[in-house]
Amino acid sequence: PGPTSKTSFWKIFDIETIFLIIFLSIKKFWPKLFFALINTYLSKNLIASIRLLGLDLFFKNITYIGDGVTAFIIVLVVFLIRKREGLMVLVSLLLTTAVAQFLKRYIFSDLFRPTSVFKDLVDNGSWYLVEGVNLHEKYSFPSGHTATVFSVLILIALLLKNKKISVFLVFISFVVGLSRIYLSQHFLIDVLAGSLIGTVFSVLTYYFLFSYL
């Protein structure tokens, strides 16, 4: 099927735009309070339940789907199966990575990550951290892992004819984004921006290259 048969995926933009506006406002007026309240509640009330459910281990591992190395492996697998689709996913990934890294390192380089913003809480032990996670301090906005996973999986979801698998891939993308917040690597606004960037380039790649490759 051509691009016109997949227009339902544009609903992703509607949802993300609404949340992006809301959390841009939160970031402007309450840059620390929102994230701190969530983490404080987590550390005081849910630690035992979380460890029991194995969510620490789950998020520590699933976040690697958004890693650049994993993304290129996925691209390679798709390319080996179908070259045209593999090239499309590669284009989406490269464009997304270039834009996300430019924004992260040059435009918003002065925005720090949660463990740096809340260093006093981390130092006194009241900030919930997942053991074994290598935490970063700089280049918080946007989330590169989130942008990467959305650029790859959303495009694959658009290319697939199986709707159930497509929905599953979209769901996994959101879970990977959530993992970046859970692991204290990013704020919610970073993840929302990353998901928007990845989605934009995956959809643009699909609609512009589908008929030409």
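Residues numbered from 1 in each chain as written. Predicted model: local features only at pLDDT ≥ 70, side-chain atom pairs only at ≥ 80, totals over all residues. Heavy atoms only, no water.

**Student:** Would you mind showing me how to read the nonpolar core here?
**Tutor:** One recurring pattern in soluble globular proteins: nonpolar side chains tend to sit buried together. The biggest cluster of nonpolar side chains holds 30 residues, and the ones touching the most others in it are V89, V152, L153, L155 and I156. Listing elements by their share of this core, those giving two or more residues are α4 (55–62), α5 (68–81), α6 (83–107), α9 (144–159), α10 (163–182) and α11 (188–209). With 10 residues, the single largest contributor to this core is α9. Apart from residues lying up to four places away in sequence, V152 is in contact with A71, I74, V89 and L93. Judged by nonpolar contacts, the second largest core, of 6 residues, contains F118, F141, I189 and A193. (Core = buried A, V, L, I, M, F, W, Y, C linked by side-chain atoms within 4.5 Å. Buried < 20%, exposed > 50% of the residue type's maximum accessible area, 1.4 Å probe, protein only. Helix = DSSP H or I, 4+ residues; strand = E, 2+ residues; numbered from the N terminus. Contact = heavy atoms within 4.5 Å.)

**Student:** Would you take a moment to explain the packing of aromatic side chains for this structure?
**Tutor:** The description of an aromatic ring pair uses the distance of the two centres, along with the angle that the planes make with each other. Enumeration according to the criterion identifies 6 aromatic pairs in this entry. Ring centres of F58 and F59 lie 5.2 Å apart, and the angle between their planes is 70°; this geometry places the pair in the edge-to-face category. Geometrically, the ring pair formed by Y206 and Y207 is edge-to-face, given 5.4 Å between the ring centres and 85° between the ring planes. Take Y206: its relative accessible area is 0%, and that puts it in the buried class. (Phe/Tyr/Trp six-rings, centres within 6.5 Å; stacked < 30°, edge-to-face > 60°.)

**Student:** So what exactly am I meant to see when it comes to α4 here?
**Tutor:** Given 3.6 residues to a turn, an α-helix orients residues that are three or four positions apart in the same direction. Every buried residue of α4 is listed here: D56, F59 and I62. Along the axis of α4, the buried positions cluster into a sector of 150°, meaning they face one direction only. (Arc of directions from axis to C-beta.)

**Student:** Help me out: how do you make sense of the pattern of salt bridges in this one?
**Tutor:** One side chain can pair with another of opposite charge once the charged atoms of both are near each other. Throughout the structure, instances matching the rule amount to 2 salt bridges. For E85, the salt bridge is made with R82, and the minimal N-O distance between the two is 3.6 Å. By relative accessible area, E85 is classed as buried at 9%. Of the charged contacts in the structure, one is a salt bridge between E85 and R84, with a shortest N-O distance of 3.3 Å. For R84, a relative accessible area of 26% gives the class partly exposed. Residues participating in the shared-partner salt-bridge network are R82, R84 and E85. (Salt bridge = Lys/Arg side-chain N within 4 Å of Asp/Glu carboxyl O.)

**Student:** In this structure, what is going on with the confidence of the model for the chain? I would like to understand it.
**Tutor:** Segments scoring low in pLDDT should not have their predicted coordinates read at a detailed level. With 73% of its residues at a pLDDT of 70 or more, the chain shows a mean pLDDT of 79. Predicted confidence is poor over residues 4–8, with pLDDT under 50, and the contacts of this stretch with residues over four places away or in other chains come to 7 contacts. (pLDDT = per-residue confidence, 0-100.)

**Student:** Help me understand the packing of α5 against α6, please; the structure alone is not making it clear to me.
**Tutor:** When two helices pack together, their arrangement is given by the angle between their axes and by how far apart the axes lie. Two elements in contact, α5 and α6, have axes separated by 6 Å at closest approach and are oriented at 155°. The orientation of α5 relative to α6 falls into the category roughly antiparallel. For α5 against α6, the interelement crossing comes out left-handed. Counting all contacts with α5, which are made through A71, F72, V75, V78, F79 and I81, the residues of α6 involved are K83, E85, G86, L87, V89, L90, L93 and L94. (Axes fitted to C-alpha atoms, helices over the stretch in contact; angles between N-to-C directions. Parallel < 35°, antiparallel > 145°, perpendicular 65-115°, else oblique. Left-handed = near helix turned anticlockwise from the far one by under 90°.)

**Student:** Explain α5 here, please?
**Tutor:** Between its first and last C-alpha, α5 extends 20 Å over 14 residues, near the 20 Å set by a 1.5 Å rise per residue. Inspection of α5 places A71, V75 and V78 among the buried residues, and these make up the whole buried set. For α5, the arc enclosing every buried residue in end-on projection is 65°, short of the 170-degree limit, so these residues lie on one face. Turned more than 90 degrees off the buried face of α5, the exposed positions are V69 and L80. A distance of 3.0 Å separates the backbone nitrogen of V69 from a side-chain oxygen at the start of α5, and that oxygen is part of D67. (Expected span 1.5 Å × (residues − 1). Polar contact = N/O pair within 3.5 Å; in protein donor to acceptor, adjacent residues only side chain to side chain.)

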